[in-house]
Number of protein chains: 4
Amino acid sequence: MDKLTRFGVSLEKELLSKFDLHIKKQNCPARSKAIADLIRKELVKSEWDKGKTVVAAITLVYDHHKKDLISKLIDIQHDTHGLIISSQHIHLDHNNCFEIIIVKGAPQKIKSLADKLKSVKGVKHSSLNAATTGKGI
Amino acid sequence: MDKLTRFGVSLEKELLSKFDLHIKKQNCPARSKAIADLIRKELVKSEWDKGKTVVAAITLVYDHHKKDLISKLIDIQHDTHGLIISSQHIHLDHNNCFEIIIVKGAPQKIKSLADKLKSVKGVKHSSLNAATTGKGI
Amino acid sequence: MDKLTRFGVSLEKELLSKFDLHIKKQNCPARSKAIADLIRKELVKSEWDKGKTVVAAITLVYDHHKKDLISKLIDIQHDTHGLIISSQHIHLDHNNCFEIIIVKGAPQKIKSLADKLKSVKGVKHSSLNAATTGKGI
Amino acid sequence: MDKLTRFGVSLEKELLSKFDLHIKKQNCPARSKAIADLIRKELVKSEWDKGKTVVAAITLVYDHHKKDLISKLIDIQHDTHGLIISSQHIHLDHNNCFEIIIVKGAPQKIKSLADKLKSVKGVKHSSLNAATTGKGI
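Please read all numbers here as calculations on a predicted model, not as lab measurements. (Residues numbered from 1 in each chain as written. Chains lettered and ligands numbered in written order. Predicted model: local features only at pLDDT ≥ 70, side-chain atom pairs only at ≥ 80, totals over all residues.)

Secondary structure assignment for chain A yields four helices and five strands. Mapped in sequence order, the helices and strands of chain A form the string β-α-α-β-α-β-β-α-β. Whereas a compact globule of 137 residues would reach a radius of gyration of roughly 14 Å, chain A reaches 20 Å, over 25% beyond that. Here the C-alpha coordinates of chain A stretch approximately 60 × 30 × 25 Å along the principal axes. The buried share among the 137 residues of chain A stands at 36%. A fraction of 67% describes how many contacts in chain A between residues 6 or more apart in sequence connect residues 24 or more apart. (Helix = DSSP H or I, 4+ residues; strand = E, 2+ residues; numbered from the N terminus. Rg over C-alpha atoms; globule rule 2.2 N^0.38 Å. Buried ≥ 20, exposed ≤ 12 C-beta atoms within 10 Å, placed from the backbone. Contact = placed C-beta atoms within 7 Å.)

Structure below.
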């Protein structure tokens with residue numbers, strides 16, 4: 001666990017009381033935690049802009065009855081196996097599947113993988129969800 | 001599988017050729033697939049606005065050494081077990097964990113669960129990633 | 001001008017030094033200013049969610065040669081004149097115009113106005129850009 | 001005005017009827033207009049990613065009583081005068097101002113200008129709103 005450091009912040013009184021009210025409504029236990037969360041969110045965005053190693057979850061919703069869909073998705077994943085940590089599959093109903101693929105690597109490679117998966121016929125929805133390795137933040 | 005229907009679209013010539021170039025670069029196999037993707041993305045956004053049943057992936061990055069963190073995360077998940085389909089856990093390094101929780105239900109309930117998880121001390125990053133049940137789209 | 005208040009924040013050492021580096025690169029003059037900015041951004045988002053009075057800029061890019069476009073845009077704006085503070089017009093080239101409409105009011109009304117303007121034939125691009133009245137933040 | 005071209009699109013029946021309902025609610029006059037809007041939105045995003053010449057509106061909310069704020073904002077704008085087309089100023093209340101600066105140029109330069117303006121002490125909120133020159137789309 002990292003060492004804590006303490007520092008002072010100057011803020012308009014009214015702004016601070018609004019923020020305190022806001023984080024109370026969100027069940028946030030402490031002001032320092034709320035501020036640290038805002039800071040981390042900002043830094044994670046910048047990890048992605050700078051091309052550092054990041055973690056992400058790619059989600060896919062697809063109709064598994066579409067011809068060749070499953071084999072194409074697997075082919076694409078095998079071609080980029082270095083990026084993929086694991087994947088998970090949910091049967092939403094008779095036709096629809098929800099798949100989550102967890103990846104770690106350079107943002108550009110992750111985006112390109114997400115584009116390829118999205119372009120397979122039968123994939124109805126996909127999203128690329130930025131996260132972080134958590135290192136140093 | 002749904003029945004296909006065919007209809008005509010009028011578009012500026014230059015706009016269409018730019019779009020064709022754009023989808024070619026994204027490896028999209030066909031214009032109809034590309035247009036259907038844009039339409040589905042728009043409809044999924046509106047499912048969330050209207051409070052329909054949706055699917056989502058909540059991601060968490062946390063330091064599992066933080067006291068009581070794991071038990072708090074589990075408590076919160078059990079309190080809302082009806083929403084949660086499954087969860088998956090990745091050990092990123094000695095300290096950092098990446099957890100993906102797949103949920104299905106009303107957008108407001110999903111957002112509230114994501115807020116609660118995010119507010120636990122030790123959670124460094126979280127995101128709520130909108131997807132869809134895939135029904136009728 | 002609001003009175004300043006000073007309070008202490010506890011943060012992981014490494015997180016703080018990363019944040020300091022980040023704000024230095026963005027030319028931010030002081031840590032308190034950077035933290036206040038993150039807090040205000042968060043509060044402005046919540047003003048929009050809660051339906052409080054907000055300020056926004058609606059941008060439109062359109063081809064002014066399209067029949068009836070200008071008169072339709074003006075009609076829509078007059079129907080909701082209470083919302084609109086002012087508008088500004090830029091001639092981008094022979095065909096294309098860029099118009100910025102500044103509005104103040106309830107988020108739902110602003111969104112509905114933006115939808116109406118966007119739906120006029122000849123409008124090529126539009127965006128609704130959330131800001132704030134600045135009151136109390 | 002550009003020449004129109006007509007082409008056929010194949011879509012699942014249920015998806016199309018959902019889309020028709022969706023655009024009716026948004027007062028969109030025709031299916032072709034709705035599809036063209038989605039395509040343009042996608043292309044404008046890609047103009048920004050590729051670094052093409054774009055148009056944008058930078059909004060600022062600030063307290064004009066803050067010392068040196070006005071002169072700093074003007075200095076920054078003069079340093080990058082080639083980018084700026086015009087600006088507009090609204091007096092929101094006794095303290096708060098809303099300023100909209102319309103810019104045209106390379107995305108990176110526009111982002112850097114927006115960062116500089118945002119970092120001036122007294123600026124409470126800022127946003128960078130992507131639009132397009134409208135050329136060829």
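Once the structure has been displayed, the description carries forward.
With that settled, consider the interface of chain D and chain C. The parts lose accessible area when they come together, and the size of an interface is often stated as this lost area. With 39 residues of chain D at the contact, the number on the chain C side is 39 residues. Within the side of chain D that touches chain C, the residues separate by chemical class into 16 nonpolar, 14 polar and nine charged. (Nonpolar A, V, L, I, M, F, W, Y, C, P; charged D, E, K, R; others polar.)

Moving on to the environment of Val123(A). All names here are of chain A. Structurally, Val 123 can be placed in strand β5 (residues 123-130). When the C-alpha atoms of Val 123 and Asp 37 are compared, they prove to be 34 Å apart, with 86 residues separating the residues in sequence. Excluding residues that lie within four positions of it along the chain, Val 123 makes contacts with Leu 60, Tyr 62, Leu 117 and Lys 118.

Each regular strand carries side chains that alternate between the two faces of the sheet. Residue and element names in this part refer to chain C. Taking burial as the measure, the eight residues of strand β5 (residues 123-130) include six buried ones, the bulk of the element. Where strand β2 (residues 54-63) and β5 come together, seven bridges link them in antiparallel fashion. Note on β5: the bridge partner recorded for Tyr 62 is Val 123. (Pairing = 2+ DSSP bridges.)

Our next topic: the relation of the copies chain B and chain A. Overlaying chain B on chain A yields an RMSD of 0.0 Å, the required transformation being a rotation through 180 degrees with an accompanying axial translation of 0.0 Å. What we have between these two chains is a two-fold relation. Using C-alpha coordinates, one finds that chain B approaches the rotation axis most closely at Asn129(B), a distance of 3.2 Å. (Least-squares fit on C-alpha atoms with pLDDT ≥ 70 in both.)

All right, on to helix α2 (residues 31-50) of chain C then. All names here are of chain C. Between its first and last C-alpha atoms α2 spans 29 Å; for 20 residues at 1.5 Å apiece the expected length is 28 Å, and the two agree. Of the positions making up α2, those classed as buried are Ala 34, Ile 35, Ala 36, Asp 37, Ile 39, Arg 40, Val 44 and Glu 47. Phi for Gly 51, located one or two positions after α2, is positive at around 80 degrees. (Expected span 1.5 Å × (residues − 1).)

Residues and elements named next belong to chain C. In spatial order, the strands read β3-β4-β2-β5; together these four strands make up an open sheet with antiparallel pairing. One side of each edge strand has no neighbouring strand; the edge strands of this open sheet are β3 (84-91) and β5. Shown here is a sheet whose adjacent strand axes are inclined to one another by a mean of 15 degrees, direction ignored. (Axes fitted to C-alpha atoms, helices over the stretch in contact; angles between N-to-C directions.)

Attention now goes to the domain arrangement of chain A. Split into domains, chain A comes out as domain 1 (13-50) and domain 2 (54-130). The gap between the C-alpha centroids of domain 1 of chain A and domain 2 of chain A is 32 Å. (Domains from an automatic or database assignment.)

Counting from both sides, the interface comprises 39 residues of chain B and, opposite them, 39 residues of chain A. Of all the secondary structure elements, the ones that give two or more residues to the side of chain B that touches chain A are α2 (31-50), β2 (54-63), β3 (84-91), β4 (96-105), α4 (107-118) and β5 (123-130) of chain B. Among the residues forming the side of chain B that touches chain A, the class breakdown is 16 nonpolar, 14 polar and nine charged.

This part is about the sheet that holds strand β5 (residues 123-130) of chain D. Residues and elements named next belong to chain D. Overall, antiparallel pairing links the four strands, which are arranged β3-β4-β2-β5 in an open sheet. Because the sheet does not close on itself, it has two edges, and the strands there are β3 (84-91) and β5. For this sheet, the mean inter-axis angle between neighbouring strands, taken without regard to orientation, is 15 degrees. Pairing of β3 with strand β4 (residues 96-105), which is carried by seven bridges, proceeds in the antiparallel orientation. Across the sheet, residue Ser 87 finds its bridge partner in β4, namely Ile 101. Docked against the sheet, helix α4 (residues 107-118) engages β2 (54-63), β4 and β5, running at close to 170 degrees with respect to β5.

Glancing now at the arrangement of the chains. Between chain B and chain C there is no contact, and the shortest C-alpha to C-alpha distance separating them is 11 Å. The smallest C-alpha distance separating chain A from chain D is 11 Å, and no contact links them.

Another aspect to go through is the packing of α2(B) against helix α1 (residues 13-25) of chain D. Packed helix pairs are specified by the crossing angle of their axes together with the interaxial distance, meaning the distance between the axes. One can describe the packing of α2(B) onto α1(D) by two numbers: an axis separation of 10 Å at closest approach and a directional angle of 60 degrees. Considered as vectors, α2(B) and α1(D) are oriented oblique to each other. The two elements α2(B) and α1(D) cross, and the hand of that crossing is left-handed. Contacts between α2(B) and α1(D) involve Ala36(B), Ile39(B), Arg40(B), Glu42(B), Leu43(B) and Ser46(B) from the former and Leu15(D), Lys18(D), Phe19(D) and His22(D) from the latter. Taken together, the residues of the contact of α2(B) with α1(D) break down into five nonpolar, two polar and three charged. (Parallel < 35°, antiparallel > 145°, perpendicular 65-115°, else oblique. Left-handed = near helix turned anticlockwise from the far one by under 90°.)

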